[in-house]
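As a plain string of letters, each chain reads:
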Number of protein chains: 2
Amino acid sequence: MNFKAVDISRTASASSIVFDVLRKAIIEGELVEGAPLRQDEIANMFSTSRIPVREAISRLEELGLVKTQRYKGAVVAGLSADEAAEVFDLRALLEPEILRDAMTRMPKDCLQKAREQCQAFSNSPKPMEWGDLNRDFHKTLYSASNLKYFKEVAENAMDRVERYIRAQLLMSDGMARADREHLAILEACEDGDGDRASLLLRDHIIGAKFSLLEHFPSPAVRK
Amino acid sequence: MNFKAVDISRTASASSIVFDVLRKAIIEGELVEGAPLRQDEIANMFSTSRIPVREAISRLEELGLVKTQRYKGAVVAGLSADEAAEVFDLRALLEPEILRDAMTRMPKDCLQKAREQCQAFSNSPKPMEWGDLNRDFHKTLYSASNLKYFKEVAENAMDRVERYIRAQLLMSDGMARADREHLAILEACEDGDGDRASLLLRDHIIGAKFSLLEHFPSPAVRK
DNA sequence: ATATCTTATATTGGATACAATGTCCAAGAT
DNA sequence: ATCTTGGACATTGTATCCAATATAAGATAT
């Protein structure tokens, strides 16, 4: 195992801590698809009992991040390129709506912050940070929106495909393209042009989907 | 408490059973908003320990059906009319896409089944069944779709607003209108007209949203 | 030698026991 | 009269123990 586990022996909210750490490790790809999650092992890493671990795992399963089989244990849920593509399709429906709503009530310092994060993203020399910076930018754009449920669903969708996003940013022109598209979206926001911004955002997401399908071709259907 | 709890003492999948029963009781409105869920009490009703109950509750929280506070316990999550309206908006985005996809691969007996369910819905004399029958009809229409993630998200959305749907069906012309609209959607499906079907479905959902906002007006904003 | 049955081990699921924290009420001080 | 404080009680959170089941290795029969 290669994630950071602190000692939370006899801590009150152990299950939430375990949940957070495991979730982060999974969406960032540190725990790769199919990796088994042994309750005992994880409990030892946190110096806690298996009870909070079990609770964390059951919550992760509800989010679709792990799969469990009775008496066989939990493994990190895999996501085929086709399944990921579907998640991108959903994002492409939701996030433009969120952005459009956010733009109607966006305070000035929000755009300011978005611009800074956009620059931080394009200037960051550490590929390890790109995933987080990308997500920060999107999150800031949506922050002013009141569509809480939309945002909740979108967050879960992003969680599920975060691994693919990170992989894409590392590919050939992945980073350059993301940067370019972020800037275009940001400018549309600064112009107050909701139609353009949401359309560009949609293209940004759909583009990522096609790039994904191209670079992770689905295996030939076998009899 | 007014839901059916069977004796599952020492049963292997106790937590899943508790989860299912609680979920059903919540979405059907038998456990009303704000009702406290005491671990002890529920465990006794099922003749199990609190462990499976805790797991069930934590999963329900992940679904947004209950809210918990440390050491204070869980209560059935409330949903204001405004929040419910947002959920309907999301359904209006997703479900037409699901239906359109389902129609491209719908086997013949599926439409047959939908028609039967549609009639069963309009003929049912028991208001208690209307909610289930309504949902069955929608589910059948979507069943052929391959958009698993879309369907998963839509299911959760329906869960959250099921209480409002049931209330609407009981109101004045609620049942009549739903019946009328279901028939129109079904006919568009039978004609193989995906555009018309998805549009009618969208209207069906958006209509329910406005009816909801009309009948459950949000309280005046108070200082 | 191979296939099938048996048994040992690993691992999960649940029950019971214990620890920690919030709530509520009463008694006393100001 | 009102506010604080302390302690009993209720309830949740975690640890430990036991039961049930799957996997894999070894024994046995053909």
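Residues numbered from 1 in each chain as written. Chains lettered and ligands numbered in written order. Predicted model: local features only at pLDDT ≥ 70, side-chain atom pairs only at ≥ 80, totals over all residues. Heavy atoms only, no water.

1. Quick look at the UniProt feature "domain: HTH gntR-type" (unreviewed entry) in chain A
To keep things clear, this is the line we draw: UniProt positions are given in the numbering used here, feature names are shortened, and annotations may be inferred rather than shown by experiment. Helix numbers and strand numbers start at the N terminus; a helix is a DSSP run of H or I with at least 4 residues, a strand a run of E with at least 2.
This chain's UniProt record puts "domain: HTH gntR-type" (unreviewed entry) on residues 12-79 of chain A. This span, residues 12-79 of chain A, is 50% helix and 15% strand, and a straight line between its end C-alpha atoms measures 33 Å.

2. A look at the nonpolar core
A general trend in soluble globular proteins is that nonpolar side chains are found buried together. Just so we agree on the cut-off: Buried Ala, Val, Leu, Ile, Met, Phe, Trp, Tyr and Cys residues form a nonpolar core when they are joined through side-chain atoms within 4.5 Å. Only protein chains enter the area calculation, which uses a 1.4 Å probe; residues under 20% of their type maximum are buried, those over 50% are exposed, and those in between are partly exposed. Contacts were defined at the residue level, with two residues in contact if any of their heavy atoms lie within 4.5 Å.
Core analysis: the biggest nonpolar cluster contains 94 residues, and L90 and L99 of chain A together with L90 and L99 of chain B have the highest contact counts within it. For L99 of chain A, the residues in contact, after removing those within four places along its chain, are L141, Y142, I185, C189, A197, S198 and L201 of chain A.

3. Notes on the pattern of salt bridges
All names here are of chain A. Rules: Whenever a carboxyl oxygen of Asp or Glu lies within 4 Å of a side-chain nitrogen of Lys or Arg, that contact is scored as a salt bridge.
Under the counting rule described, the total for this entry stands at 46 salt bridges over all chains. Two residues, D132 and R166, come together in a salt bridge whose shortest N-O distance is 3.1 Å. Of this pair, D132 sits in helix α6 (residues 127-142) while R166 is found in helix α7 (residues 148-169), placing the two residues 34 residues apart along the sequence. Residue D132 is classed as partly exposed on the basis of its relative accessible area, which comes to 36%. Accessibility expressed as a relative area gives 15% for R166, which makes it buried. Among the ionic pairs, D203 bridges to R202, the shortest N-O distance being 3.9 Å. Residue classification places D203 among the partly exposed residues on the basis of a relative accessible area of 39%. Within this structure, R23, K24, E28, D132, R135, K139, E155, D159, E162 and R166 form a network of salt bridges that share partners.

4. What about the interface of chain B and chain A?
Selection criterion: By buried area we mean the combined loss of accessible area, with a 1.4 Å probe, across both parts when two parts are placed together.
Contacts between the two partners involve 30 residues from chain B, matched on the other side by 30 residues from chain A. Together, the buried faces of chain B and chain A total about 2600 Å²; carbon and sulfur atoms form 59% of this surface. Its largest share of buried area at the contact with chain A, chain B owes to E62, E86 and Y149 of chain B, together 28% of the area lost on that side. Counting across the chain B and chain A interface gives eight salt bridges.

5. What to know about the pairing of strand β2 (residues 66-69) of chain A
Residues and elements named next belong to chain A. So the rule is basically this: By definition, two strands form a pair when at least two bridges between them are found by DSSP.
Bridge count for β2 against strand β3 (residues 73-76) is four bridges, and the pairing is antiparallel. Paired with V66 across the bridge in β3 is V76. If you look at the hairpin formed by β2 and β3, you'll find three residues sitting between the two strands, and Y71 has a positive phi there, around 65°.

6. Some thoughts on the relation of the copies chain B and chain A
One chain copy maps onto the other through a rotation about an axis and a shift parallel to that axis. Inclusion rule: Superposing the copies works by least squares over the C-alpha atoms of residues that have pLDDT at least 70 in both of them.
When chain B is fitted onto chain A, the two copies agree to an RMSD of 0.2 Å after a turn of 180° and an axial shift of 0.0 Å. A rotation of that kind, with that shift, is consistent with a two-fold axis.

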